[in-house]
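# Understanding the architecture of this molecule
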Amino acid sequence: MSKERTKQAVESIMAKAKGMFLFVKNIFENDDLDVISLEAIESLPTGLDEYYETTFQRKFPIDASTGRSPSFDKLLPLLQVFVAVQREFSASELARVIHREDHQVLASLKPLGGLLNLPQAEVNPSTRLRM
């Protein structure tokens, strides 16, 4: 990419981020930019609110016949614990609280990684979680 196109790309990302560094971090860590091009950057959401909304809709699509998201419904018990607990806890503790096996909780946490700022390393039953 030429210096001029790089400058345009940086300016465009800055405009989309609206001063929110977390926006830029999430965009690059969550593979929202498969190929860095001005076209890809222009298609990004603007600001954190729109970023989280579009990411959430992409990860948890709504079934038109029920008006609900089956994949979100599976995650709801996990999210309820995240909101209610005011301390750090392990993935294994979370599994016990919601009456699931460790491997089920670990699989359920994967799509939430970027949304909940979970550790980048492989999450295991002893991984400490906090919101």
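Residues numbered from 1 in each chain as written. Predicted model: local features only at pLDDT ≥ 70, side-chain atom pairs only at ≥ 80, totals over all residues. Heavy atoms only, no water.

## Details of the packing of aromatic side chains
The relation between two aromatic rings is expressed through the spacing of the ring centres and the mutual angle of the planes. Definition in use: Pairs were defined over the aromatic rings of Phe, Tyr and Trp, the Trp ring being its six-membered one, requiring ring centres within 6.5 Å. Orientation was assigned from the angle between planes: stacked under 30 degrees, edge-to-face over 60, tilted for the rest. When accessible area is computed with a 1.4 Å probe and restricted to protein chains, residues below 20% of their type maximum are described as buried, those above 50% as exposed, and intermediate ones as partly exposed.
The final tally for this structure, using the stated rule, is six aromatic pairs. Ring geometry for Tyr51 against Tyr52: centres 5.4 Å apart, planes inclined by 65 degrees, an arrangement best described as edge-to-face. Since its relative accessible area comes to 2%, Tyr51 is described here as buried. Overall, the relative accessible area of 26% leaves Tyr52 in the partly exposed class. Measuring from centroid to centroid gives 6.1 Å for Phe60 and Phe72, while their planes differ by 70 degrees, and the two rings are edge-to-face.

## Topic: the nonpolar core
Rules: Working definition of a nonpolar core: buried Ala, Val, Leu, Ile, Met, Phe, Trp, Tyr and Cys residues. They are joined through side-chain atoms within 4.5 Å. Numbering of helices and strands runs from the N terminus, with a helix taken as a DSSP run of H or I at least four residues long and a strand as a DSSP run of E at least two residues long.
Judged by nonpolar contacts, the single largest core of 17 residues is most densely connected at Leu94, Val105, Leu109 and Leu129. The set of elements that each furnish at least two residues to this core consists of helix H5 (70-84), helix H6 (91-97) and helix H7 (102-109). Broken down by element, this core gets its largest block of residues, five residues, from H5. Counting ten residues, the second-largest nonpolar core is a separate cluster that includes Ala17, Phe23, Ile27 and Leu48.

## Some remarks on the pattern of salt bridges
To keep things clear, this is the line we draw: Salt bridges, as used here, are contacts in which a Lys or Arg side-chain nitrogen is within 4 Å of a carboxyl oxygen on Asp or Glu.
Throughout the structure, instances matching the rule amount to four salt bridges. Arg68 is the partner of Asp73 in a salt bridge, and the nearest nitrogen-oxygen pair spans 2.7 Å. Relative accessible area serves as the criterion here: at 29%, Asp73 is assigned to the partly exposed category. Where salt bridges share partners, they join Arg87, Glu88, Glu93 and Arg128 into one cluster.

## Remarks on unusual backbone geometry
Backbone geometry at Lys18 places phi at a positive 50 degrees, although glycine is not the residue there. As for its placement among the helices and strands, Lys18 is situated in the loop between helix H1 (3-17) and helix H2 (21-29). A relative accessible area of 60% means that Lys18 is categorised as exposed. The phi dihedral of His99 falls on the positive side, at around 60 degrees, and the residue is not glycine. Tracing the backbone through its elements, the reader meets His99 in the loop between H6 and H7.

## A closer look at H7
For an α-helix the count is 3.6 residues per turn, leaving residues at separations of three or four pointing the same way. Where we set the bar: In this context, the arc is that of the directions from the helix axis out to the C-beta atoms.
Looking only at H7, the buried set comprises Val105, Leu106, Ser108 and Leu109. The arc that holds every buried residue of H7, seen down its axis, measures 165 degrees, which confines them to one face.

## A word on H2
What H2 keeps buried is the set Phe23, Asn26 and Ile27. Down the axis of H2, the buried set is contained in an arc of 100 degrees. They therefore lie on one face.

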